Amino acid sequence: MQLSQKPAQISKTIDCIIPAAGLSSRMGQWKMMLPWQHGTILDASIKNALAFCSRIILVIGYRAEELMARYQQHPAISLIYHADYQQGLFSSIRAGAMAVTSDYCFITHGDMPCLTSTIFQQIWCQRAAYALIPRYQKTPGHPVLLPRHCLNRAVRQTDCRSMQQAVRKGQWQYIDLNQPAIIADIDTPEIYMTLRTIENLAGSL
């Protein structure tokens with residue numbers, strides 16, 4: 001695995017929660033360690049986030065020992081073990097939120113290896129006192145950016161089934177980006193093969 005040991009051009013602390021605790025049930029196999037470029041899907045998702053953010057809060061559960069061994073020596077990755085990961089994605093984000101120390105925090109997914117630092121930058125430049133949800137052609141995506149007070153309010157919600165639903169209980173706004181990568185999460189083998197083909201073609205140009 002080749003990950004930069006130090007994020008580039010970060011002038012302040014910006015945490016990013018990446019939940020990677022689930023079973024990948026829709027994929028039919030565990031997707032975090034599937035090949036992507038010179039590493040894995042999760043490697044790429046972390047590397048891209050660290051190109052802008054100063055720290056990754058990586059929430060692990062299923063096959064935690066494998067992820068612990070792979071990432072525990074990286075100085076910019078904080079590993080959070082979530083024993084109740086089978087309760088779902090929202091519960092993993094709750095676990096990660098407890099470790100956030102920055103004034104603003106990004107949330108993205110471990111299966112989104114196409115995000116770039118430019119996307120993080122575009123959203124960061126629009127930061128405000130409310131949550132920002134990026135959207136591509138009216139479809140919400142990631143990374144979501146929240147001030148810490150919005151993050152804390154959202155994860156305290158007890159009547160919501162998803163983080164996005166919890167965020168919308170507070171102050172939030174869409175930010176429209178012409179970036180299809182913000183909705184390119186790898187949920188099925190078909191999506192994986194399509195995105196990997198596109199990525200390989202782009203890398204060969």
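Cut-offs and rules
Residues numbered from 1 in each chain as written. Predicted model: local features only at pLDDT ≥ 70, side-chain atom pairs only at ≥ 80, totals over all residues. Heavy atoms only, no water. Disulfide = S-S within 2.5 Å. Buried < 20%, exposed > 50% of the residue type's maximum accessible area, 1.4 Å probe, protein only. Core = buried A, V, L, I, M, F, W, Y, C linked by side-chain atoms within 4.5 Å. Helix = DSSP H or I, 4+ residues; strand = E, 2+ residues; numbered from the N terminus. Contact = heavy atoms within 4.5 Å. Polar contact = N/O pair within 3.5 Å; in protein donor to acceptor, adjacent residues only side chain to side chain.

Participant: It is not clear to me how the state of the cysteines should be interpreted in this structure. Could you clarify?
Facilitator: Working definition: the covalent bond between the sulfur atoms of two cysteines is a disulfide. This structure, assessed with the given rule, holds 0 disulfides. Here Cys53 is not cross-linked by a disulfide; its sulfur's nearest cysteine counterpart is in Cys16, at 4.5 Å. For Cys53, a relative accessible area of 0% gives the class buried. Here Cys125 is not disulfide-linked; the sulfur of Cys53 is the nearest cysteine sulfur, at 13 Å.

Participant: How should the nonpolar core be read in this particular structure?
Facilitator: What tends to happen in soluble globular proteins is that the nonpolar side chains get buried as a cluster. In terms of nonpolar packing, the biggest core is built from 46 residues, with Leu42, Ile46, Ile56, Leu58 and Phe106 touching the most fellow members. Mapped onto this core, the elements with two or more residues apiece are β1 (15–20), α1 (41–50), β4 (55–60), α2 (64–71), β6 (104–107), α4 (117–124), β7 (131–136) and α7 (189–204). The dominant element in this core, judged by the number of residues it contributes, is α1, at 6 residues. Not counting residues within four places of it along the chain, the set of residues in contact with Leu58 comprises Ile18, Ala20, Leu42, Ile46, Tyr71, Ile77, Ser78, Leu79 and Ile80. The next biggest cluster of nonpolar side chains, apart from the first, holds 23 residues, and it includes Phe90, Cys105, Val155 and Cys160.

Participant: Whenever I open this one, the side chain of Asp15 confuses me. Can you help?
Facilitator: Here Asp15 shows up in strand β1. With relative accessibility at 0%, the residue Asp15 sits in the buried group. Here the side chain of Asp15 touches Arg55 through a polar contact of 2.9 Å, side chain to side chain. Excluding residues within four positions of it along the chain, Asp15 makes contact with Arg55, Ile57, Ala99, Val100, Thr101, Ser102, Tyr104, Cys105 and Phe106.

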